[in-house]
Amino acid sequence: MWALVALLTMAQAAPNPHLPAATYDSVAPVLPKGLRNAVLIVSKTNGWRHIEHIPHSNTVLADIAKGLGRASYATENAAVFNDEQLKHFSVVVLNSASGDFLTPDQRAAFARFVGRGGGVVALHAAGDDSHTDAWYTDTIIRTRFTGHPGGNDQFQRARLLVDRPDHPVMAGVTLPWSPVDEWYAFDADPAARGMTVLARIDEASYRPGAKLAMGRHPVIWTNPSTKGRVVYSALGHLPEAYDDPNYRRILVNAVRWAGKS
């Protein structure tokens, strides 16, 4: 009996892999030699951890960088956000990096990176409501995540509408396109706050629910007010998303565009 109670207690106390304890890194990683104009892939998690897609999407992103003729380095050590090491990269991909994962000094280094023209490709949870730092939210998101459908409606097929087919990030996307994903909603259209919306969801094509309906519902946008090129995509909860030819094309385009190559 006591053995059973002990086992049940241990099971109840087991940590939730989706909610790791928040940590802040102070010792920078050792970078491979020869990195230049490389792609930094960061999946640091101080909020919800997307254990479903991060391993696969990190592999896909490294393959994309290779296809663009660029080296890449994937890490969950946020101490890489320092002036000396960021000089080796032209693009930072925030691959569902969640929570306020940067210390003030690391955030300042990231801001300087963008200020001198470094690119940012932020994906899925990099735009959720676990990010509260003012510089980050103003630069990367400029709106506030309010939720996504749950239960049986968490993953739905929805039709994507491309507002800016002329933009390099959307080049080569084949329409009609109705991927299955976890569709984020936001408190306001980021276009009203100065962002350039590239694509949105047709809300008539899925069930957002009354509380999450936005009317005009953006899911991919850029920040035209920064010296560095910044693009955010809310897509990508499921690992299969990164094998979708259209989404892979968008990711290739985004890394190329943000890296000015």
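This text goes with the structure placed above it.
Just so you know, the residues in each chain are numbered from 1, in the order the chain's sequence is written. Side-chain atom pairs in this predicted model are given and counted only at pLDDT of 80 or more, local residue features only at pLDDT of at least 70, and totals for whole chains, interfaces and linings cover all residues. Excluded from the side-chain calculation are hydrogens and water; included are all heavy atoms of the structure.

(A) Highlighting the sheet that holds strand E1 (residues 38-42). Pairing is mixed in the open sheet, where eight strands are placed in the order E2-E1-E3-E4-E12-E11-E10-E7. Only two strands of the sheet have a single partner each, and these edge strands are strand E2 (72-75) and strand E7 (160-162). Strand after strand, the sheet turns through a mean of 20 degrees between neighbouring axes, direction not considered. Strand pairing is assigned whenever DSSP identifies at least 2 bridges connecting the two strands. Helix numbers and strand numbers start at the N terminus; a helix is a DSSP run of H or I with at least 4 residues, a strand a run of E with at least 2. Looking at chain direction, strand E10 (residues 196-201) and strand E11 (residues 217-223) are connected through five bridges and run antiparallel. Of the residues in E11, the one forming a bridge with Thr196 is Thr222. Lying on the sheet, helix H2 (residues 54-67) is in contact with E1, E2, strand E3 (89-95) and strand E4 (119-123); it crosses E3 at an angle near 160 degrees. Every axis corresponds to a line fitted to the C-alpha atoms, with the helix fit spanning only the stretch in contact, and the corresponding angles, defined between N-to-C directions, vary from 0 to 180 degrees. We call two residues in contact when some of their heavy atoms are within 4.5 Å.

(B) Broad picture of helix H5 (residues 134-141). Every buried residue of H5 is listed here: Tyr136, Thr137, Thr139, Ile140 and Ile141. Elements that come into contact with the buried residues of H5 comprise E3, helix H4 (104-115), E4, E11 and strand E12 (230-233). N-capping of H5 is provided by Asp133, with a side-chain oxygen placed 3.2 Å from the backbone N of Trp135. Directly after H5, the chain includes Arg142, whose backbone phi takes a positive value near 55 degrees. For every residue, the accessible area (1.4 Å probe, protein chains only) is compared with the maximum for its type, and the residue is labelled buried under 20%, exposed over 50%, or partly exposed between those bounds. Whenever two N or O atoms come within 3.5 Å, that pair is a polar contact, provided that in protein one can donate a hydrogen and the other can accept it, and provided that, for residues adjacent in sequence, both atoms are side-chain atoms.

(C) Fine view of the pairing of E10. Pairing between E7 and E10: three bridges, direction antiparallel. Residue pairing for E10: Leu160 is matched across the bridge by Ile201.

(D) Representation of unusual backbone geometry. In this model, Leu175 is joined to Pro176 through a cis peptide bond whose omega is 0 degrees. Considering the arrangement of structural elements, one finds Pro176 in the loop between E7 and strand E8 (180-181). Here the phi dihedral of Asn37 falls at roughly 50 degrees; this positive angle occurs in a residue that is not glycine. Tracing the chain through its elements places Asn37 in the loop between helix H1 (2-13) and E1. A relative accessible area of 44% means that Asn37 is categorised as partly exposed. For Ser96, which is not glycine, the phi dihedral falls at a positive 55 degrees.

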